[in-house]
Amino acid sequence: MTGTRRRLSPGWLALIVTVLAYAALQTLMSTKVINPYWQQVAGLAGIMAVSALGLNLVYGYTGQFSLGHAAFYGIGAYASALVTRSLGPSIWTLLLGIAAGAVIAGLVAFLIGLPILRLRSDYLAIATLGFGIIMKVLFDNSDAVIPMMGGSAGMTGIARLTNFAWVFVFALGATVVLRNLVFSSVGRALVSVREDELAAEAVGINTTKYKTLGFTLGCMYAGVAGALYAHLYAYLNPFNFDFLKSIDVLLVVVLGGLGSISGTLVAAVAWTFLLEGLRVALPASIQDWRMVIYPLVMVVFMIFRPGGLFSGTEFGFLKPRSARRRT
Amino acid sequence: MSYFLQQLINGLQLGFVYALIALGYTMVYGIVKLINFAHGDVFMVGAYLGFFAMANWALPFPVAILVAMVGCAVLGMVIERLAYKPLRNAPRISALITAMGVSLFIENFTNLNFVFGPAPRAFPRPFAVRTFNLGGVSITNITVIVFGVSILLMVALTWFVNSTKTGRAMRAVSMDKDTSRLMGIDVDRIITITFGIGSALAGAGGVLFGFAYPQIQPLMGIMPGLKAFVAAVLGGIGIIPGAMLGAVIMGVVETFTSAYVSSTLRDAVAFGVLIIVLLVRPTGILGRPGREKV
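Thresholds applied
- Residues numbered from 1 in each chain as written.
- Chains lettered and ligands numbered in written order.
- Predicted model: local features only at pLDDT ≥ 70, side-chain atom pairs only at ≥ 80, totals over all residues.
- Heavy atoms only, no water.
- Helix = DSSP H or I, 4+ residues; strand = E, 2+ residues; numbered from the N terminus.
- Rg over C-alpha atoms; globule rule 2.2 N^0.38 Å.
- Buried < 20%, exposed > 50% of the residue type's maximum accessible area, 1.4 Å probe, protein only.
- Contact = heavy atoms within 4.5 Å.
- Areas by Shrake-Rupley, 256 points an atom, 1.4 Å probe, with all protein chains shown as cover.
- Lys, Arg positive; Asp, Glu negative; His and termini not counted.
- Charge placed at Lys NZ, Arg CZ, Asp CG, Glu CD.
- Core = buried A, V, L, I, M, F, W, Y, C linked by side-chain atoms within 4.5 Å.
- Axes fitted to C-alpha atoms, helices over the stretch in contact; angles between N-to-C directions.
- Parallel < 35°, antiparallel > 145°, perpendicular 65-115°, else oblique.
- Left-handed = near helix turned anticlockwise from the far one by under 90°.
- Nonpolar A, V, L, I, M, F, W, Y, C, P; charged D, E, K, R; others polar.
- Phe/Tyr/Trp six-rings, centres within 6.5 Å; stacked < 30°, edge-to-face > 60°.

Visitor: Tell me about the overall build of chain B, and name the residues and values.
Guide: Helix and strand content of chain B: eleven helices and four strands. By the compact-globule yardstick of 19 Å for 294 residues, chain B fits well, its C-alpha radius of gyration being 19 Å. On the principal axes, the C-alpha backbone points of chain B span a range of 55 × 45 × 35 Å. Here chain B holds 294 residues, and 55% of them are scored as buried. Considering only contacts within chain B whose residues lie at least 6 apart along the sequence, 75% involve residues at least 24 apart. In the structure as shown, chain B presents an accessible area of about 12,300 Å², 66% of it carried by carbon and sulfur atoms. Where the 20 positive side-chain charges of chain B centre and where its 10 negative ones centre are 7 Å apart.

And the structure:
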C-alpha cells in the first residue's frame, strides 16, 4: 500500500482489460473469424447479462423474489420496437426506443410493485408469476388494440439496429451502474431489506421505498435488455416472453450466485454459450438431448454448489476500495 | 339459465381435476415449504400411464387409474429422494431451482421420441359417451365419473390425514418439524410418504384429465400445474380443504371467462383473481392471517 511507486488500481486495470478484450473481439468479428452466428450468440449473452443483472438487483440484493422478469423484458422489447417502427429506423430513434423501453418497464414495475411488494417471498413469487402470465396473454392479444404488435403471430418489420457493440456498451454501463449502486448507502439499504425487513425498519430504513426502488430499477434493466433484443433479433413473439424465459434469467442469477455481479456476468455468458455450444457439439441425431442435459446440469449444480458459482463474492476489481483493503 | 348451469358443471369438472393436482402441491408445501414445480409433470406422466394402461395393455378404466396412481407415487418418491432430499438444509432457492430443473428434465426427457414423443395422442374412451338430460342441462357419463372419482379420492385423503396415525404424523410435521422429530416421528419417512400420496393424486388427476379432455402431450402439465398451484395459494397453502375450494373456484372462473368473455383471456382472468386475492388476503381464503415475529 505504501510502496514508492503508485500502482495501477484494479479498477483501471479492469477497464483497460475490458477495452482490449472488446477491441480483440470486434477485430475478430469484423474479420469474420467469429462468424455472424456466434456474433449473434455473443449479443444474446450480453442481453442476458443486462437482464440478469436487473433480476439480481431485485432478488439478489433487495431480496424480492420475482418470477415475472420476462414480462418486463417483453414490455421493453415491444415498447422500443413500437418507437422505432413508428418513427423510422435510425440511431436516434433506437436510443429513444431503448429509453422508452426502460421507462415504460420501470413505470409498470412501479405501479404493479406498489401493491404487490407488500407480499413476502413465495407469495410475491406467485403474484409476479401471475403478472407474467397476464402480460403474456396481453401480448398474445395485443393485435386487437395495436395491430402493429402482431399478437400471437409475432411482431415483424423491426429494423436490425443493434449489434454486438451496442450490447457490449450497454452491458458494461449496466455493470458499472449496478456496482456503484450496490456499494453506496442506497445499496446497503437494499441489502438490509433483504437480510431482515423488520430490523431494517427498526433502524429507520423506509423499506417500502427501497423495495419499490430496487424492483423498479431491476425491471428497467429488463426493459433495456428487451429493447436491445428486439433490435438484434428483429422479430418479437409473445412465446419468447413466457414463464420459462423468467426461469431462464432466474437460473443465471442463482447459478452465478445471488448478490454477486461477477457471478451474474460469468453465468450469463457461460449459460448462453453452453446452450449454443451443445447445439454445435452434439451430433444431429441426439440434438433433442440438449434440452435434457441442461436441466440435469442445473440440478447437479444446485445439489453440489447451492450458493452458486460466486456465492456472494466479487472479482477484486468490482469491489470498492474499502472492501478491498479488508480482504 | 341452463347455459349458466351447464358452464357451472363444466367449471366444476375442471375444478375437480385441478383439485387433485392442488392437493399434492399444498401437502408438499405444508411440510417442506417447497413449490414442487415438477408436480405438474407428474400429472402428465399419470395421464400417459393411464393412456398406456388402456390403449396398449387393454386394462379396464379403474385399473388404469390405479396403475397411474402407483406409478406416479413411485415417481414422486424417487424425485424427492434423488433431487430434494440432498437439499433439505440448503437455502430454499436452491431447492426451488432444483424443482424447476426436475420439471424441465421430465418435460424434455418425455418429449424424446423413444419415450413419449412430442406428438399429441388421443386418449382412449373405454365406453361410449352417454349424455343425460337434466332440466336443460346435459351431463355426460364422463362428467359423472370425473366427479365421482375425485370426490372419492378427496374423501379418502381427508380420512387418511385426519384419522390415521401416519396422517396425524403428517399434520404434526407440517406444524413443527423439529418437535415432531423429538416426539419420535421419522420426518424423512413422512416427507417421502407425503410426496407419494400427492403424486398419486396427481396421477389420478392426469387420467381423469385425459379422459375428460381427450388429448395428451408431454407439455400438457405446465399450465394445469401452475393453475393448481395458484388454486392451492388461493385457498390457503398448506390447508387441504383450501386447496379443494381454491381449485373449484379456479376451474369455475376459468370456464366462465371462456364462456362469457373470451377464451383467449381465461388465463389472464384466472391469474388476475389470484393477484387480487393475494392483495386482499395474502394467506388465502381459508388461511389464518399470520403475524410477523421478530
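Visitor: Any details on the nonpolar core? Residues and values, ideally.
Guide: Counting 193 residues, the largest nonpolar core has Phe72 and Leu236 of chain A together with Phe37 of chain B as the members making the most contacts within it. Here the element with the most residues in this core is helix α1 (residues 2-32) of chain B; it accounts for 16 residues. Sequence-distant contacts of Leu236 of chain A, defined by excluding residues within four places in its chain, comprise Ala77, Tyr78, Ala81, Gly154, Met155, Ile158, Tyr229, Ala230 and Phe241 of chain A. In terms of nonpolar packing, the next biggest core, distinct from the first, is built from five residues, Met29, Ile34, Ala42 and Phe168 of chain A among them.

Visitor: How would you explain the packing of helix α2 (residues 36-61) of chain A against helix α9 (residues 207-233) of chain A if you had to name every residue and give the values?
Guide: Residues and elements named next belong to chain A. In the contact formed by α2 and α9, the axes pass within 7 Å of each other and the chain directions differ by 165°. As the angle between them shows, α2 and α9 are arranged roughly antiparallel. Between α2 and α9 lies a crossing of left-handed hand. Packed against α2, whose contacting residues are Gln40, Gly43, Leu44, Ile47, Val50, Ser51, Leu53, Gly54, Leu57 and Val58, the element α9 presents Gly214, Phe215, Leu217, Gly218, Cys219, Tyr221, Val224, Ala225, Leu228, Tyr229, Leu232 and Tyr233 at the interface. When its residues are assigned to classes, the contact of α2 with α9 shows 16 nonpolar, six polar and no charged.

Visitor: Residue-level account of the packing of aromatic side chains, with values.
Guide: For the structure shown, the criterion picks out 34 aromatic pairs over all chains. Summarising the aromatic geometry, the rings of Tyr3 of chain B and Tyr260 of chain B are spaced 5.6 Å apart at their centres and angled 80° between planes, so their arrangement reads as edge-to-face. Highlighted residues: Tyr3 of chain B in helix α1 and Tyr260 of chain B in helix α10 (residues 240-261), separated in sequence by 257 residues. Look at Tyr260 of chain B and you get partly exposed, because its relative accessible area is 46%. Between Phe109 of chain B and Phe114 of chain B, the ring centres sit 6.2 Å apart and the planes meet at 90°, which makes this aromatic pair edge-to-face. Residue class for Phe109 of chain B comes out partly exposed when judged on its relative accessible area of 27%. In textbook terms, an aromatic cluster arises when at least three aromatic residues are bridged by ring pairs, as seen for Tyr73, Tyr78, Phe139, Tyr229, Tyr233 and Phe241 of chain A.

Any link to function would need more than the numbers given here.
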